[in-house]
Amino acid sequence: MKKNLKRSTLCVHGGWEPQNGESRQLPIIQSTTFKYDNSDEMAMLFDLKKEGYFYTRLQNPTNDAVAKKIAALEGGIGAMLTSSGQAANFYAIFNICEAGDHIVSSSEIYGGTFNLFGVTMKKLGIDCTFVSPEASEEEIEAAFKPNTKALFGETISNPGCKILDIEKFAHIAHRHGVPLIVDNTFATPINCRPFEWGADIVTHSTTKYMDGHATQVGGVVVDSGNFDWDAHAEKFPGLCTPDESYHGLTYTKAFGKMGYMTKLVAQLMRDLGSIPAPQNSFLLNLGLETLHLRMARHCENAQKVAEFLHNDNRVAWVHYSGLEDDECHALAEKYLPNGSCGVIAFGLKGDRETAIKFMDSLKLITIVTHVADAKTCVLHPASHTHRQLSDEQLREAGVAPDLIRLSVGIEDVDDILDDIRQALDTCE
């Protein structure tokens, strides 16, 4: 296949290159295992001395083709699909951290990730310090410790819709000899490629825009290949010292720039097994084929909806970076010049009950846990996705009690606006 294809072409053609007489569409290889003619060939696979398929928990042709497409879209050297976005973030961190280690994370991230880092990973002995992404470099650097192994943030925060200053975070991470990991779910590689701004590893919940139709749950970890693990070998013994479970193999020495990805698959996926079903990867691939078209429509519709909300006196506030007076507008112009996403955060004049009454009055727009879908949907995070957080944690995560997360779909925008208008009328 021709190199240096545009992202819109990669959405359609990336990952799967059929040979003469093969299926034009990516096939579903719904098999747990793969046959070989002799035991020596199988032994070579288990010793990582030969590439090939032997068990779907580690590798599967359908999964790998979709991972290859996403890696190409992000401009990375390799990718691994997972069974959810949560699994992707866990694997990305756990691949370089162990008990006794520490990470620093932006506080304005998805509530599930906030809980993963702040509660669950602490039970594994990995501590996390949360910092405001708007803090100065000096303030963020003060959170680093000798055992810090990564810095984490979201390109566009869920649900607050804040834009991460990726270059600032990358400079801080690299000054401390650690990688910057960025969750790029909301922006997608169509609107932002964090590797171009210094990020080292990218994650996604592929459940969202990449799928786009709420048909499968999945995630992905993508490596840029740019971080020099051996230059900071003392920080990353899992990558830079022998792995006794693979006969003393050292990942960075044996696989070079692919060391991080190889360890991710051969060690973590081998032992933890959070794989997607090939059928799910097939559905994800169908979504990816129209990602570039849908993102343009999402952004076009969301801009009009944000402007409507901004100008309605029943609305207390709106966060959408496409608005000229939004606090993140300048960052959006830098990192997201072609549009951000379809997600808007806003609050109504009144109280929490006002928000609930508004949502309950919607007819076309549905209340669902999902976000970043072809269909317009809405959620009240403080009552739903973030309800496990205290009020103090909500504020730290950038979630106000009255915040409504509106995910604008690809329907006719006039129909979306009509539904919002009539629901607002019921709150008067």
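Quick note: structure is the one above.
## Here's the deal with the sheet that holds strand β12 (residues 404-407)
Read from one edge to the other, the open sheet built from five strands follows the order β8-β9-β12-β11-β10, with strand pairing classed as mixed. Edge strands, defined here as strands with exactly one partner in the open sheet, are β8 (315-319) and β10 (366-367). Relative to strand β11 (residues 377-379), β10 is paired through two bridges, and the arrangement is parallel. By the bridge assignment, T366 is partnered in β11 with C377. Against the sheet, helix α15 (residues 352-360) touches β9 (343-348), β10, β11 and β12, its axis set at about 125° to β9.

## Considerations on helix α5 (residues 111-120)
Taken across its ten residues, α5 has seven buried, putting it largely inside the fold. Every buried residue of α5 is accounted for by G111, G112, T113, F114, L116, F117 and G118.

## Brief notes about the pattern of salt bridges
One pass over the full model with this rule turns up 16 salt bridges. Of the charged contacts, one joins K162 and E134 as a salt bridge, the two residues approaching to 3.3 Å between their closest N and O atoms. On the criterion of sequence distance, the pair formed by K162 in the loop between β4 (148-154) and α7 (166-175) and E134 in the loop between β3 (127-131) and α6 (137-141) is long-range, its members being 28 residues apart. For K162, a relative accessible area of 13% puts it in the buried group.

## Quick look at the packing of aromatic side chains
The way to describe two aromatic rings as a pair is by their centre distance and the angle between their planes. Tallied over the full model, the rule gives eleven aromatic pairs. Ring centres of W229 and Y260 lie 5.4 Å apart, and the angle between their planes is 5°; this geometry places the pair in the stacked category. Of this pair, W229 sits in the loop between β7 (219-223) and α9 (237-240) while Y260 is found in helix α11 (residues 259-272), placing the two residues 31 residues apart along the sequence. W229 gets classed as buried once you look at its relative accessible area, which sits at 5%. Residue class for Y260 comes out buried when judged on its relative accessible area of 0%.

## Considering the side chain of S157
Residue position: S157 is located in the loop between β4 and α7. The class for S157 is buried, based on a relative accessible area of 2%. Looking at S157, its side chain comes within polar contact range of the main-chain nitrogen of K162, at 2.8 Å. In this structure S157 touches E108, K162 and F186, once residues within four positions along its chain are discounted.

## Notes on the pairing of β9
In terms of residue burial, β9 counts as a mostly covered element, since six of its six residues are buried. Neither face of β9 is exposed, since V343, A345 and G347 on one face and I344, F346 and L348 on the opposite face are all buried. Two elements, β8 and β9, share four bridges in a ladder whose sense is antiparallel. Along β9, the bridge assignment pairs W317 with G347. Direction of pairing for β9 relative to β12: antiparallel, over a ladder of four bridges. Across the sheet, residue F346 finds its bridge partner in β12, namely I404.

## Quick word on the packing of helix α4 (residues 85-94) against α11
Between α4 and α11, whose axes approach to 10 Å, the crossing angle comes to 115°. Judged by the twist between their axes, the crossing of α4 over α11 is right-handed. Between α4 and α11, the residues in contact are F90, Y91, A92 and F94 and Y260, L264, L268, M269 and L272, respectively. Residues that form the contact of α4 with α11 fall into these classes: nine nonpolar, no polar and no charged.

Rules used in this analysis
Residues numbered from 1 in each chain as written. Predicted model: local features only at pLDDT ≥ 70, side-chain atom pairs only at ≥ 80, totals over all residues. Heavy atoms only, no water. Pairing = 2+ DSSP bridges. Helix = DSSP H or I, 4+ residues; strand = E, 2+ residues; numbered from the N terminus. Contact = heavy atoms within 4.5 Å. Axes fitted to C-alpha atoms, helices over the stretch in contact; angles between N-to-C directions. Buried < 20%, exposed > 50% of the residue type's maximum accessible area, 1.4 Å probe, protein only. Salt bridge = Lys/Arg side-chain N within 4 Å of Asp/Glu carboxyl O. Phe/Tyr/Trp six-rings, centres within 6.5 Å; stacked < 30°, edge-to-face > 60°. Polar contact = N/O pair within 3.5 Å; in protein donor to acceptor, adjacent residues only side chain to side chain. Left-handed = near helix turned anticlockwise from the far one by under 90°. Nonpolar A, V, L, I, M, F, W, Y, C, P; charged D, E, K, R; others polar.

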